[in-house]
Amino acid sequence: MNCRSEVLEVTVEARQVEEAMLALLHTILLHRSTGKFHYKKEGTYSIGTVGTLDIDCDFIDFSFVRVSSEELDRVIRKAVSEFKDALSNSGSDGMGQISLEFYQKKKSRWPFSDECIPWEVWSIKVNVVNLANEQERQICREKVGEKLGEKVINVVEVINRHEYLPKMPTQSEVDNVFDTSLKDVQPYLYKITFQITDSLGTSVSTTMRRLIKDTLAL
């Protein structure tokens, strides 16, 4: 099986990291989740509904839609919080990447553990910049909102392509394809990982500062 790989890149101020990551990860998971399966008998099932919530960001001029499941939100927030803290501890300027990998399990014979086979990976590269004053922060607030809007459209376009998805499982195999641990939603099996780079490339920082200065000059 070929694993699809998509890369998104955002440049943000430190206080915007959490909201930007939540917006993108929740957007992807919204389209990679279903309602809970309710099996009547093997091969026959109904699918529950997926509730949604509109979320307004505090530090970015942006709103996004997420699955209303508080359980799923807690899991995503915990991973994003750990990523944000690691970025913060790396220094005032930082670069990192957080990845959302979807996979399915392939049962192995005893005594071997099940094999996890990835079928789609989203990597979000994050560049953190420092800004000099409140005027620059306000411009950054608007520009990051515009960029996030573009990224969300990109995510939806990619997901709407007719490409590989794991086939709907039988009741006995549902745990090989979906995370069934949540009570109100059923995302495809996934894991979130991240890595941090010590310093930010000057080209990224310079690009954001040039963007802000060009806006100030208007």
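Starting from 1, residues in each chain are numbered consecutively following that chain's sequence as written. Totals for whole chains, interfaces and linings use every residue, but because this is a predicted model, local features are given only for residues with pLDDT of at least 70 and side-chain atom pairs only at 80 or more, for both listing and counting. Excluded from the side-chain calculation are hydrogens and water; included are all heavy atoms of the structure.

1. Digging into the side chain of N127
Thought 1: Numbering of helices and strands runs from the N terminus; a helix is a DSSP stretch of H or I covering at least four residues, while a strand is a stretch of E covering at least two. As for its position among the elements, N127 is in strand 8 (residues 115–129).
Thought 2: At a separation of 3.0 Å, a polar atom in the side chain of N127 contacts the side chain of E9.
Thought 3: What qualifies as a polar contact is a pair of N or O atoms within 3.5 Å, subject to a donor-acceptor requirement within protein and to the restriction that residues adjacent in sequence count only when both atoms come from side chains. Reaching out from N127, the side chain makes a polar contact with the side chain of T11 at a distance of 3.3 Å.

2. Overview of the nonpolar core
Thought 1: By nonpolar core we mean a set of buried residues, namely Ala, Val, Leu, Ile, Met, Phe, Trp, Tyr and Cys, connected to one another through side-chain atoms within 4.5 Å. Accessible area is worked out with a 1.4 Å probe on protein chains only. A residue is then buried under 20% of its type maximum, exposed over 50%, and partly exposed in between. M21, F102, W122, I124, V126 and L148 are the most contacted members of the largest nonpolar core, which totals 49 residues.
Thought 2: Among the secondary structure elements, those contributing two or more residues to this core are strand 1 (4–13), helix 1 (17–30), strand 3 (37–41), strand 6 (63–67), helix 2 (70–89), strand 7 (94–106), strand 8 and helix 3 (134–159).
Thought 3: Top element by residues in this core is helix 1. It accounts for 9 residues.

3. Describing the packing of aromatic side chains
Thought 1: A pair of Phe, Tyr and Trp rings is counted when the ring centres sit within 6.5 Å of each other, with Trp represented by its six-membered ring. The angle between the planes then sorts it: under 30 degrees is stacked, over 60 is edge-to-face, the rest tilted. Under the counting rule described, the total for this entry stands at 9 aromatic pairs.
Thought 2: Where W119 meets Y164, the ring centres are 6.3 Å apart and the plane angle is 75°; that geometry is what we call edge-to-face. Of this pair, W119 sits in strand 8 while Y164 is found in the loop between helix 3 and strand 9 (186–187), placing the two residues 45 residues apart along the sequence.
Thought 3: With a relative accessible area of 0%, W119 lands in the buried category.
Thought 4: Overall, Y164 belongs to the partly exposed group, its relative accessible area being 34%.
Thought 5: Connected via pairs of aromatic rings, a cluster forms that spans F37, Y39, Y45, F102, W119, Y164, F178 and Y188.

4. Focus: the pattern of salt bridges
Thought 1: By definition, a salt bridge exists where a carboxyl oxygen of Asp or Glu is found within 4 Å of a side-chain nitrogen of Lys or Arg. As enumerated under the stated definition, the model contains 17 salt bridges in all.
Thought 2: A salt bridge links K78 to E82; the nearest nitrogen and oxygen atoms lie 2.8 Å apart. Residue K78 and its partner E82 are located together in helix 2, separated by 4 residues, close to a single helical turn.
Thought 3: A salt bridge links E134 to R137, with the nearest nitrogen and oxygen atoms 3.6 Å apart. Placement of both E134 and R137 in helix 3 is noted, with a separation of 3 residues, approximately one turn of the helix.
Thought 4: For E134, a relative accessible area of 49% puts it in the partly exposed group.
Thought 5: Owing to a relative accessible area of 23%, R137 belongs among the partly exposed residues under this scheme.
Thought 6: Connected through salt bridges with shared partners, the residues R4, E6, R32, E120, R161 and E163 form a single ionic network.

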